[in-house]
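Letter by letter, the chains look like this.
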Amino acid sequence: MARITAGIGSSHVPAIGAALDGGRSTHPDWAPIFAGYEWTREWVAAQKPDVIILVYNDHASAFSLDVVPTFALGCADSFAPADEGWGPRRVPVVQGHSKLAWHIATQVVLDEFDLTIMNEMNVDHGLTVPLSLVLGQPAEWPVKVIPLAVNVIQYPTPTANRCFRLGEAIARAVKSFPEDLNVQVWGTGGMSHQLSGERAGLINREWDTRFLDLLTADPDILRTMSHEEYIREAGSEGMELIMWLTMRGALGPHIRELYRFYHVPASNTAVGNVVLTPED
Amino acid sequence: MEYAVSMDQHRTAFEDIPGTYVFTGERAIEGRHLNRFCMSLMSAGNRARFKANERAYLDEWQMSESQKQAVMKRDFKALLEQGGNIFFVLKIAAVDGRPTQSVAASFAGQSAEEYAAMMRSGGRNPVGLRSISGRF
């Protein structure tokens, strides 16, 4: 039986990928971030997950505004790094897990979550930067990845609660997959940041800290927060944090926080990383 | 659940947040062709044609004159005011090799250096910048 053994929350700032790819990871702007992920890196290496369900958003790379799926599940065998305007990141091609992905698609659609199924999709920094932060720079990624792209760019975006409940449905689907697989769910994006308008550069350390506390202690508060509250407190791009709730929803009611890291800034953004495990 | 239920309620709530663009359906309608033009810059061939003659390339798109002027002036604030989506208009900056931070700085009228220094010292404090009506 497949089982969800952990959830990881992580920012996915593109400049972190650029720093790593450009050999600047020891520069004083970036060294604290890579150091902050060391615990998670070692822990995940020891856990040896078979599959990561990686919840992220595309940033006008695979999706233009011609088609805007609210939730799009990557069912392909592989996903190439996207060219985001300056050439694709030189990271390994992401290997999918078609069988598990199709099983999840089937189960959650029957469970009344109407996903878009992606049989061909490039993946941008939203997906590859968390992989780099946690898995380093291997020649091949040591784990299969099922991308779950969430629309957080074009309103109406899904509610925080819908994201959470999709995570619960994914957990039910994974549990009914017959193969013995160690599955992790990663929620990515955030934390507080805003790239445009006079509030550009907004960082809300106090609110981010509360978000991290509530993620373990009382996620109901986070899942019932309105879009406007996320934007008001965490910035227009801080809305990405609703994707952490899909991860949280997949872990079940009782969890333990094993690790937390928070750092300001990575370029325009507050970086957060948590490692959570279900307790039953 | 207390979610804003209509487009109007959503808009009112979003407009109460100062200095912030939320990319609603209304903005998508206004920016449709502007954002399509931006997406076209994902191809190297189109980037080369745009660089060779910006005006001629822009005239291939059904954009307003004011949107075209904002592109040529690299006025990112004007682009967002006219329906541009931040992740799409950033593709114009990528053509110029200009970092995202420098674009972000331009919205607040800061130099890239001032903005970077602000970020290093903890970012822009949200106090007083959350709600126009609530003044908090």
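Residues numbered from 1 in each chain as written. Chains lettered and ligands numbered in written order. Predicted model: local features only at pLDDT ≥ 70, side-chain atom pairs only at ≥ 80, totals over all residues.

*Asks:* Tell me about the overall build of chain A, residues and numbers included.
*Replies:* Within chain A, the secondary structure is distributed over 10 helices and 10 strands. A globule of 280 residues ought to have a C-alpha radius of gyration of about 19 Å, and chain A, at 17 Å, matches this closely. Along the first, second and third principal axes, the C-alpha set of chain A runs to 45 × 40 × 40 Å. A buried classification covers 57% of the 280 residues belonging to chain A. (Helix = DSSP H or I, 4+ residues; strand = E, 2+ residues; numbered from the N terminus. Rg over C-alpha atoms; globule rule 2.2 N^0.38 Å. Buried ≥ 20, exposed ≤ 12 C-beta atoms within 10 Å, placed from the backbone.)

*Asks:* Describe in detail the packing of helix H4 (residues 98-110) of chain A against helix H6 (residues 160-175) of chain A, supporting the description with residues and values.
*Replies:* The description of two helices packed together rests on the angle between their axes and the distance between the axes. Residues and elements named next belong to chain A. In the contact formed by H4 and H6, the axes pass within 9 Å of each other and the chain directions differ by 125°. One way to sum up the angle between H4 and H6 is to call them oblique. Considering only the axes of H4 and H6, their crossing is right-handed. Residues His103, Ile104, Gln107 and Val108 of H4 form the contact with H6, whose own contacting residues are Ala169, Ile170, Arg172, Ala173 and Val174. In the contact of H4 with H6, the residues fall into 6 nonpolar, 2 polar and 1 charged. (Axes fitted to C-alpha atoms, helices over the stretch in contact; angles between N-to-C directions. Parallel < 35°, antiparallel > 145°, perpendicular 65-115°, else oblique. Left-handed = near helix turned anticlockwise from the far one by under 90°. Contact = placed C-beta atoms within 7 Å. Nonpolar A, V, L, I, M, F, W, Y, C, P; charged D, E, K, R; others polar.)

*Asks:* Requested: an account of the pairing of strand S2 (residues 51-56) of chain A, with residues and values cited.
*Replies:* Residues and elements named next belong to chain A. Buried residues dominate S2, accounting for 6 of its 6 residues. By the alternation rule, side chains of S2 split into Val51, Ile53 and Val55 and Ile52, Leu54 and Tyr56, which are all buried. Relative to strand S7 (residues 144-150), S2 is paired through 6 bridges, and the arrangement is parallel. From the neighbouring strand, Val51 faces S7, where its bridge partner is Lys144. Where S2 meets strand S8 (residues 182-188), 5 bridges bridge the pair, whose relative direction is parallel. (Pairing = 2+ DSSP bridges.)

*Asks:* Break down the interface of chain B and chain A for me, citing the residues and quoting the values.
*Replies:* With 43 residues of chain B in contact, the opposing surface of chain A contributes 34 residues. Of all the elements in the fold, those that place two or more residues in the side of chain B that touches chain A are helix H1 (7-15), helix H2 (25-40), helix H7 (86-96), helix H8 (100-107) and helix H9 (112-120) of chain B. Residue composition of the side of chain B that touches chain A, grouped by class: 27 nonpolar, 11 polar and 5 charged.

*Asks:* I'd like a description of the nonpolar core, backed by residues and values.
*Replies:* Among the nonpolar cores identified, the biggest contains 124 residues, and Ile53, Leu54 and Ile170 of chain A are the most heavily contacted of them. In terms of residue count, the dominant contributor to this core is H6 of chain A (9 residues). (Core = buried A, V, L, I, M, F, W, Y, C linked by C-beta atoms within 7 Å.)

Bear in mind that shape data such as this cannot, by itself, settle questions of function.
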